Amino acid sequence: MNSLLLIGLLLMPLFSAAFLLLLRRRCLLRRGLLLVASSLQVVLAWMLVLTCSDVGYVVHSLGSWGPFVGIVVVADMTSSLLVLAGATLALVCVAYSFFQTLASTEHPLRGVLIQFLMVGVNLSFFAGDLFNLFVAFEVLLLASYALMSLEADDWDVKQSYPFLALNVLGSSFFLMACGAVYASYGTLNLALLSERMLETTGDGRGAVLAALILTVFAIKAGAFPLYFWLPNSYPTLPAPVLGLFGGLLTKLGVYLLMRFTGTVFPPNLDYHYLVLMWMGGVTMLLGVLGAVSRGGVQSILSYHILSQIGYMILAVGFYTPYAFAACLFFILHNIFVKSCLLLNGGVVIVLNGTDELKKTGGLWKLAPLLGLIFLLQALSLAGIPPLSGFWGKYMIVLEGIRLREFFLAALALAVSVLTLFSMLKIWLGAYWKDAVAGYEPDLKKKGWKGMSLAMGVLVLISLGMGLVAQHFVGFCLRAGEQMLDAAAYRQAVLGGWDRRGL
Amino acid sequence: MLEESIIMVGLLVGCSIYLILQSSFVRILLGFAMLSNAVNMFVLLMSGSPDQRQAPVVIKDGPFVDPLPQALVLTAIVIGFGVLGYMVMLFYRLFKACGTTNSEDLYSKSRETFLIEPEEAEK
Amino acid sequence: MRAVDALSLISLSLALCGLGSLACAFVGPFLRERTAWVAVVTALSATACIAGVAAGHDPGTQVAVSVQWVPALGLEFSFLVDGLSIFFALVVTGMGVLVTVYGRGYMDSHSENHGRFYAYLMLFMAAMIGTVMAGNLLLLFVFWELTGLTSFLLIGFLHDKEKSRAGARMAILVTGGTALVMLAGVALSGLVWGTLDLVKILNGPPEGAGAAESAVFVLLAVGALGKSAQFPFHFWLPNAMAAPTPVSAYLHSATMVKLGVFFVARVFPAFSTLPEWVPLLMGVGLFTALLAAVLALLSHDLKAILAQSTVLQLGLLIAFYGMGGAVVKGDILHVANHVFYKGALFMIAGLIDHAAHGRDIRHLGGLMKRIPWVGVCALVVSASMAGLPLTLGFVSKEYFLKDLVKAAEYSGWTLWPVLAVVTFVLVAVLKMAFATRFWWKLFMGSETEQVREHWHAPDVRMVWPITLLAGATLVFGVWPSGMAHVVEWSQVPGMHAMKEVHFALWHGWTRELFITIGVITVGLLLTRALWKVWPRLEVPWLLRWDVGFEKLVEWTPRFAAAVTRSLRADEPVAYVPWMLLFILAAVGVPTFVWWSQNITQVVWFDEVNFLRGLFAFCILVSAVAVILLKRWMSQLIAMSVLGFLVTFYFILMRAPDLALTQILIETVTLVLILLLFARFPRKAELGEIERRSDRKHRLARITLALGGAVLTIFVGFLALTQKHPLPVGLVYPEITIQEAKGSNAVNTILVDFRAWDTLLEVAVLVIALLGAVGLVNRQKNRPAGSPEGRKP
């Protein structure tokens, strides 16, 4: 039953994508199917989270070949929670896109590709096999390439090229790493790999291969100086897709950094932690500077994704259960808050006709609820208590001070001033400032109320995360402990199977 | 050990990086194709030396070469082809959209001038 | 029993404010200016709650009441019920009532968005009650930030105006920024004390805290100084005057800016004996007071004068606590005094602004005839500001000075107390001067043109609260023992001496009295001397820190843009090399470490195979050919030669399945690229050949390419040198026939053991196809006129 949940989360989006392809142009049916599939994923993920909270791990061996010769997928508290967050976000984005465009004018492939994307995302969270993770990455990447260029006009499509090129480079390194890991440790299964790496922890091989793999994930996460594929390409996406990308993809990279440093690699990679920590710090700063330098809502927010990623990578570099819990909480918060802001930017574009802050304005008077959504989420992003962003930031800073990384802790605080600054830039430019002649907000535009409604769900979730933080923080603390408990992971995956002489 | 092969793969990776760092679409495309080949071979080499070993078809007695890297490479070849195919289409689209076959020309204009140009050209 | 009551009463007051806020927001559009009454009722009921807490409170005790909120982070929903917190809470709620009544008159039917205004105000009140009552440092911080946030909304209430927006931004950036320093202090104190419970923290540091305690204090103090607009953060408060006047009267005189003072008082027992306490608080407080006094003297905007004098008074209050020592005496007197007169003065300024449509003191005058009653009230509170007898200000000033002189005597006239006395006297003279000017210029003399042209009678509801505050100033000024009761009631164990308190109007011909007489005389003389030149005085640019800050705000994006541009963020082609460089470096370092340790293990060229070597060479030759050849077609041919050579290589590696796949894929790729070439015009190819720019960075490219090659080679050797003796792959040939019923292990892996990979591989192909379809069925260019062409 439990493993059904797990495999259901992988097959459900795959099948729904296939069905949607077959349905061709019958639009209302398509929408119903997409909505049902997305909702079912949320339900499945919710049940999986409850199960993982109870039993710790859910492991499914595909074709029952076992972890040694076959492929396994593994869910633990962290990955199931993140999948739940991702599924919820996907549902919201799908609903948002329904309100945004009429069924008849919607691009028929968008829904299909989003479902394919979810296959890749969910599998990447659950992967228990290095090469399977590579394949999941490819599914996800190709779906994101396709989504990136799907509705791009002749100007936007240029931004697909760097996105593609840098990620293909990253994939090549990943594949190389798979090969090298296999040669060195004779396995691709993460649990067995962890066992074997621990046995040979003295020699320097682990450090080299870990560096290679972590670099690949750092590209995906968007850490400086590997993030350049992101800030210019994201703003060209249509809002619902942008919300999904901004909320999920980079966070996946951070999750994998956690997963591999915490569970797979031996706990003696001090060089790597140091590099990660400082990468986090620099990313935080340069990301927010990038955000401050931009003049459009979506461009500012896209750069902010990076700045926030910096916080998470910083926490990964701290490498303690508490820091991992902080990181997980921060990821969760970001999934909801950041994508809500991006979706909000989409509504600004609908109402004002543009997202350039020089031309936007007048929204606080006309659409106060929209403004409230933005305000709550932006302040949360800047880390104003008692909103969700504050707790994550507080935990990270606390851990930084405890580990005596005073400079990085101070940097984290300084960056949040700049975050506030750039959020104010949007708030003053789009909400408080009077409308600019020629760009007056048009409240008669269709769909924006429904879009706001969809965002309301995200607002409620993130408010809940802030106000009843105890439940979330408690869960994250347990998940952080679990993430660093490699022995339990190995036992859960490898225990009870015929080792076949390995 | 497979010294000659590893050195060849390494140099092949170097060549493909050299190509990718250039700005012509064609060279970039060929660079990525070459990189894909190089990485596939790298993974295959990780099965170790094939000397005195059989192909992994269990008709005769072993010892056999390690079949797993072969399976991985097979998957990787197909995926690499998918990516390359997409890339070809992207370059075609970029050419249609921007009228150039060189990535340096892609980013030299601002959005405004880019969008207004075709109209003015008609006049 | 009593403790539980306090908890529910405080929570009730918070809930009432929250509900009131919601109610105001919803009924605002319908009730318009009458929304004020909803707010008045809310504030009254909150006051009643706090009064209930006060009634149940045993004077001279300190009780903590709490429920859990986020125990995982040490955060409790806890309140510290003692004289200090109840006094401040009463100020907050009581002033809330007065300000909302005043607001009914001020925000008349010409204003807009009444609902929002009172909603913010009620929210602010809740945040203030929470801050002053909080019994957990983190909870205090949470509410502290909420006050900053709501004040941001209030300052920017008239957000159509550029000035309001800038003022609001400045306020939130300065107070928010300093609050973050404070947050570091909160986090650090949690680590030092092991708890965030204020009661425990106030009991003093745990053993061995050492320098950490000082660090906590300094970090927390920065937050307090920022909130109370102390140097060097003093500039935000005058700019926050863009807010509607009820906001200024409430936030910027009586409540929010007092938070810094409150906080210093709150943590007094924990830190007052630290060596950093006196220099930091005393130094900053006195300097700010002096600076603000000069600025107040040079300002002409009514609200600016008052704002500067607020900064001044806050500086004095901070300095008062900054005297340190084991206990503090009579502090509540000075706070209450300021609340009364400054609140009234702001309300008067707002009333005049409202009635005469202007608040430049140079254009106002002769108002006594128009509003005699307000003039009398103004006289009382201005006198209190100047510290003239028969007002509370006089009492406050006398006892303030007395304490300073006593401290100086006690310490044997050392640096800080002497400095304090001198500064205090200087400041008092300046205060006397601008207070005199304030009242005399406004109410005496002849009516100015501004008043004649714009005057309309003020709403009487604005006068009520003014009368009340002025009355309080006068009553307590004449009857200081009434104030003494309040002060005595508010004493907190561990902070105050817990003795009976006496204030007297007349206490003989003391030093303080002579100083006061001197101050009044010199102040009046200064006023007389300055009177003629006063309108021409301006704040020198060196003291205009607010302008400097705005410049900073303006330059930050430019600096950020320069940094971002320097990172080549907008030139995709230019940053690929940097990324590669980083990857090579990040992976190269541990690789180098490994090699330097294991170089002896590597066995070189022990089993080189000639045939493989030959093919390797051929592959390399064709790769180099791809680089060197110029024509696209010949490059493509070289590339396919390479591809087919790879096929042979696969055969040499005993991989027949791979060879088959490779030959198939290679063919299809060739066709695909040929089709692409067919679409490119011949002109383009010639252009590429002639293009020179590719030669520019050739050396860098070659370096990176070599780096990539060397790294790949090293990683490959590394992996093979220490190849694992038990690879999983060798299990497959043993089990492929029994378990998977197939003799070809590669096939059984693909379709059985690792079929999941294969399924997804198919999915990848499908997605790539869909992506290609999406690319080809492109959307048309948007028309050039459409804004930005950006899709929603």
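In this text, all values refer to a predicted model and were calculated from it rather than measured experimentally. (Residues numbered from 1 in each chain as written. Chains lettered and ligands numbered in written order. Predicted model: local features only at pLDDT ≥ 70, side-chain atom pairs only at ≥ 80, totals over all residues. Heavy atoms only, no water.)

Caption draft 1: Here's a closer look at the overall build of chain C. Counting its secondary structure elements, chain C contains 32 helices and two strands. Against the globule reference of 28 Å for 792 residues, chain C gives a C-alpha radius of gyration of 38 Å, more extended than a compact globule. For chain C, the C-alpha atoms occupy an extent of roughly 115 × 65 × 50 Å along the three principal directions. When the 792 residues of chain C are sorted by exposure, 59% land in the buried category. Nonlocal contacts in chain C, meaning residues at least 24 apart in sequence, comprise 79% of its contacts between residues at least 6 apart. (Helix = DSSP H or I, 4+ residues; strand = E, 2+ residues; numbered from the N terminus. Rg over C-alpha atoms; globule rule 2.2 N^0.38 Å. Buried < 20%, exposed > 50% of the residue type's maximum accessible area, 1.4 Å probe, protein only. Contact = heavy atoms within 4.5 Å.)

Caption draft 2: Examining the nonpolar core more closely. Residue and element names in this part refer to chain A. Core analysis: the biggest nonpolar cluster contains 566 residues, and Y234 and F260 have the highest contact counts within it. If you tally residues by element for this core, the top one is helix α13 (residues 321-352), at 22 residues. Those residues within four positions of Y234 in sequence are excluded, and the remaining contacts are M148, F163, W229, L242, F245, G246, L249, S302 and I305. (Core = buried A, V, L, I, M, F, W, Y, C linked by side-chain atoms within 4.5 Å.)

Caption draft 3: Representation of the packing of aromatic side chains in the model. As enumerated under the stated definition, the model contains 71 aromatic pairs over all chains in all. Each ring, one from F390(A) and one from W391(A), has its centre 5.0 Å from the other, and the planes form 65 degrees; the classification is edge-to-face. Exposure remark for F390(A): the relative accessible area of 0% places this residue in the buried category. Among the aromatic residues, those joined into a ring-pair cluster are W193(C), F217(C), F268(C), F271(C), W277(C), F320(C), Y321(C), F400(C) and F424(C). Cation over ring: R558(C) sits above W555(C), and NZ or CZ is 4.5 Å from the ring centre. Between R701(C) and the ring centre of Y18(B), over which it is positioned, the NZ or CZ distance is 5.3 Å. (Phe/Tyr/Trp six-rings, centres within 6.5 Å; stacked < 30°, edge-to-face > 60°. Lys NZ or Arg CZ within 6 Å of the ring centre and 35° of its normal.)

Caption draft 4: Representation of the interface of chain C and chain A within the structure. In this assembly, 102 residues from chain C lie in contact with 126 residues from chain A. With both sides pooled, the region where chain C packs onto chain A buries about 10,200 Å², and carbon together with sulfur makes up 73% of that total. Seen at the junction of chain C and chain A, the total is 21 residue pairs in polar contact (both at pLDDT 80 or more). The element best represented in the side of chain C that touches chain A is helix α32 (residues 755-776) of chain C, accounting for 15 residues. Of the residues in the side of chain C that touches chain A, the class split is 70 nonpolar, 15 polar and 17 charged. (Buried area = accessible area lost by both parts, 1.4 Å probe. Polar contact = N/O pair within 3.5 Å; in protein donor to acceptor, adjacent residues only side chain to side chain. Nonpolar A, V, L, I, M, F, W, Y, C, P; charged D, E, K, R; others polar.)

Caption draft 5: Local environment of the confidence of the model for chain C. Put simply, chain C has an average pLDDT of 89, and 97% of its residues get 70 or more. Within the model, the stretch residues 780-792 of chain C combines pLDDT values under 50 with 36 contacts to residues more than four positions away or in other chains. (pLDDT = per-residue confidence, 0-100.)

Caption draft 6: Examining the interface of chain A and chain B more closely. Counting from both sides, the interface comprises 31 residues of chain A and, opposite them, 32 residues of chain B. Linking chain A with chain B are one salt bridge. Residue R93(B) pairs with D154(A) through a salt bridge whose shortest N-O separation is 3.3 Å. For the side of chain A that touches chain B, the secondary-structure elements that each account for two or more residues are α6 (130-150) and α7 (160-185) of chain A. Here the side of chain A that touches chain B takes 14 residues from α7(A), the largest share from any one element. Tallied by class, the residues present in the side of chain A that touches chain B amount to 21 nonpolar, five polar and five charged. (Salt bridge = Lys/Arg side-chain N within 4 Å of Asp/Glu carboxyl O.)

Caption draft 7: Summary view of the packing of helix α3 (residues 83-106) of chain C against helix α15 (residues 331-356) of chain C. Residue and element names in this part refer to chain C. Look at α3 against α15: their axes get within 12 Å of each other, and the N-to-C directions meet at 10 degrees. Judged on the interaxial angle alone, α15 and α3 are roughly parallel. Each of L84, F87, F88, V91, M95, L98, V99, Y102, G105 and Y106 in α3 lies in contact with α15, whose residues at this interface are I332, V335, A336, V339, G343, F346, M347, G350, L351, D353 and H354. (Axes fitted to C-alpha atoms, helices over the stretch in contact; angles between N-to-C directions. Parallel < 35°, antiparallel > 145°, perpendicular 65-115°, else oblique.)

Caption draft 8: Main features of a positive patch on the surface. On the surface, K630(C), R692(C), R695(C) and R698(C) cluster together to form a positively charged patch. Within the fold, R695(C) resides in the loop between α28 (682-690) and α29 (698-721). (Patch = residues over 30% accessible without salt bridge, like charges linked within 9 Å, V, L, I, M, F, W, Y side chains within 5 Å. Areas by Shrake-Rupley, 256 points an atom, 1.4 Å probe, with all protein chains shown as cover. Lys, Arg positive; Asp, Glu negative; His and termini not counted. Charge placed at Lys NZ, Arg CZ, Asp CG, Glu CD.)

Caption draft 9: Summary view of the packing of helix α16 (residues 388-402) of chain A against helix α5 (residues 137-155) of chain C. Orientation of α16(A) relative to α5(C), taken along the N-to-C sense of each, is 135 degrees, at an axis distance of 13 Å. Comparing the axis directions of α16(A) and α5(C) gives the class oblique. In terms of crossing hand, the pair formed by α16(A) and α5(C) is right-handed. Contacts from F390(A), W391(A) and Y394(A) in α16(A) reach L138(C), F141(C) and V142(C) in α5(C). Of the residues belonging to the contact of α16(A) with α5(C), the class tally is six nonpolar, no polar and no charged. (Left-handed = near helix turned anticlockwise from the far one by under 90°.)

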